[in-house]
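# What the coordinates show
Below are the chains, spelled out letter by letter.
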Amino acid sequence: MTSPAQVLAAPLFEPFTVGPMTLKNRIAMAPMTRNQSPAGVPGEDVAAYYKSRAEGEVGLIITEGTYIDHPGANGYPDVPAFHGLQALAGWQRVVEGVHAAGGKIVPQLWHVGRERRPGVEPDSSAPGFGPMAIVEEGVEVVRAMSEDDIQEVAASFARAALDAQRLGFDGIELHGAHGYLIDQFLWPESNQRTDAYGGSVENRLRFPRLIVRTVREAVGPDFPIIFRFSQWKLSDYDAIIAETPEALGEILKPLADDGVDIFHASTRRIWEPGFAGSSKTIATWTRELTGKPVIAVGSVGLDTTFRTGHFTRTEDPTSKSRVNVAELAMWRARNDFDLVAIGRALLSDPQWASKVRDGRLEELSDFDRSALDSLVR
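These notes cover the structure that comes with them. None of these values were measured; they are calculated from a predicted model.

## Here we look at the nonpolar core
In terms of nonpolar packing, the biggest core is built from 103 residues, with Leu-174, Phe-207 and Trp-352 touching the most fellow members. Considering every element that reaches this core, the biggest residue donor is helix 4 (residues 147-167), with eight residues. Apart from residues lying up to four places away in sequence, Phe-207 is in contact with Met-145, Ile-150, Val-153, Leu-181, Ile-182, Phe-185 and Tyr-197.

Structural data, given as C-alpha cells:
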C-alpha cells in the first residue's frame, strides 16, 4: 500500500530525458571532493562507493572533481585525475559498476586555476595558472595565462571529454563554480585583465565560451554537457558574478547557445531567493533565462547549511537528517528545477534516494565526520 510520504515524493521520482540520456528519477549526487585516490587513481573502493549510490536509486551521479591533463589543473592531494592509463582504467571500473546498478554517471572535469601552488602533485614544479599573476613573498606562484595557455587548457578539457565519451560515461560536467579556473574568468574580483579576456561581461565570458565550444566540437551534438556555476566562492560566500537576473542571463544564454545542455546552479541554500525583489531561486531564474534544464543544489536533506569548514575539518560537520519532501516535490512539480542534487546527505547514506522514495524517512542517517574520513558504502 502506498503511504502518504511516498505520494508526496512521487514528483522527485519521475523519469527525465536530455538528449540520449534518460534518468530513472530527478535525484542527482552532487560532486564532492573525497581525497581518496592516491596518485590520482580511483581504486576499487572508489568504484564501490559510486556503485552503492546507484544501487541506492540515485538517478544521476556527478563524480567528484577530476583534474584534466593540463600541468596546473590539480591543487590538492589524492584527488582523482582524468587522464593517464591507470586513472582512466579506474574510471572505467566506476562507469561499469554504476551502469550495472542501473544508474547514469558523468565526470566533473576540473581545473583549479589560481588555487594551485607549486609543490602539489603530480608535477610539484608546475605553478598555478589564472587570469592574473599572484606573487607571494616575492615569488610568482600563479602565472597569468597567455593566449597559448588559454588554448592549451581548452584543448585539455576537450581531451578529457573525449575520454569520458570513449569510456562510456553518459555526459560530462564542466566545473565553472566556486572560484576555480573557469569561474575565475567570470568573477570580476579574480579577473582584472585588460585584454580580450577581461573587463566587460562579453570579454570575461570569452574563456568559458571557448571551453564549451571546444568540448562540444570534440564530442559532437548528442553528448550531454552540464555546466556548474555559482555566485559564491570557497573563499567568499558573498561573492557574485551577476547582480541582477538580466546580468545572469548575459552570462548563461551565450553558454547555452554554445552547447550547454543542463545548468547546475550551485547555491549554499537551495531555498533562498536568487535576487532581491523576487522569491525565485537561482535555479528557477536559470531555467527561465536559458530555457535549459537545471540542477538545483544546496544543503538538501540536512539541518545545517553547507560550509567549506566541514570538509576542511575546521568546523564540526555533524548535521541531523531533515528532509522536507513536500517542499521539494512542490518545487519540482511547478518546474522550479528539473533535478535536485544531494551532497553531504549522500556521503553518509548511500540509500538516501531509495529511503525517500519508499517513505522511510525515519531510517535516514545523520551526517558526521566519519563520512568525510572514509568512503561509506
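## What to know about helix 9 (residues 282-290)
For helix 9, a buried count of seven out of nine residues is recorded, marking the element as mostly surrounded by other parts of the structure. Residues of helix 9 that are buried: Ile-282, Ala-283, Thr-284, Trp-285, Thr-286, Leu-289 and Thr-290. Buried residues along helix 9 sit against strand 10 (225-233), helix 8 (245-258), strand 11 (262-266) and strand 12 (294-297). Positive phi shows up at Gly-291, right after helix 9, with a value of about 75°.

## Here we look at the environment of Gln-165
With respect to the element layout, Gln-165 can be found in helix 4. Sequence-wise, Gln-165 and Val-219 are 54 residues apart; in three dimensions their C-alpha atoms are separated by 7.2 Å.

## Side note on the pairing of strand 4 (residues 60-67)
The element strand 4 is extensively covered by neighbouring structure, given that eight of its eight residues are classed as buried. For strand 3 (residues 27-29) and strand 4, the ladder comprises two bridges, and the chain directions are parallel. Across the sheet, Ala-28 pairs through a bridge with Leu-60, a residue of strand 4. Inspection of the sheet shows strand 4 paired to strand 5 (residues 104-110) by six bridges, in the parallel sense. Opposite Ile-61, over in strand 5, you have Ile-105 as the bridge partner.

## Focus: the packing of helix 2 (residues 44-55) against helix 3 (residues 85-100)
Two elements in contact, helix 2 and helix 3, have axes whose closest approach is 8 Å; the angle formed by their N-to-C orientations is 25°. Our classification of the angle between helix 2 and helix 3 gives roughly parallel. Between helix 2 and helix 3 lies a crossing of right-handed hand. Contact with helix 2, carried on its side by Glu-44, Val-46, Ala-47, Tyr-50, Lys-51 and Ala-54, involves Trp-91, Arg-93, Val-94, Gly-97 and Val-98 of helix 3 and no other residues of that element.

Rules of the game
Residues numbered from 1 in each chain as written. Predicted model: local features only at pLDDT ≥ 70, side-chain atom pairs only at ≥ 80, totals over all residues. Heavy atoms only, no water. Core = buried A, V, L, I, M, F, W, Y, C linked by side-chain atoms within 4.5 Å. Buried < 20%, exposed > 50% of the residue type's maximum accessible area, 1.4 Å probe, protein only. Helix = DSSP H or I, 4+ residues; strand = E, 2+ residues; numbered from the N terminus. Contact = heavy atoms within 4.5 Å. Pairing = 2+ DSSP bridges. Axes fitted to C-alpha atoms, helices over the stretch in contact; angles between N-to-C directions. Parallel < 35°, antiparallel > 145°, perpendicular 65-115°, else oblique. Left-handed = near helix turned anticlockwise from the far one by under 90°.

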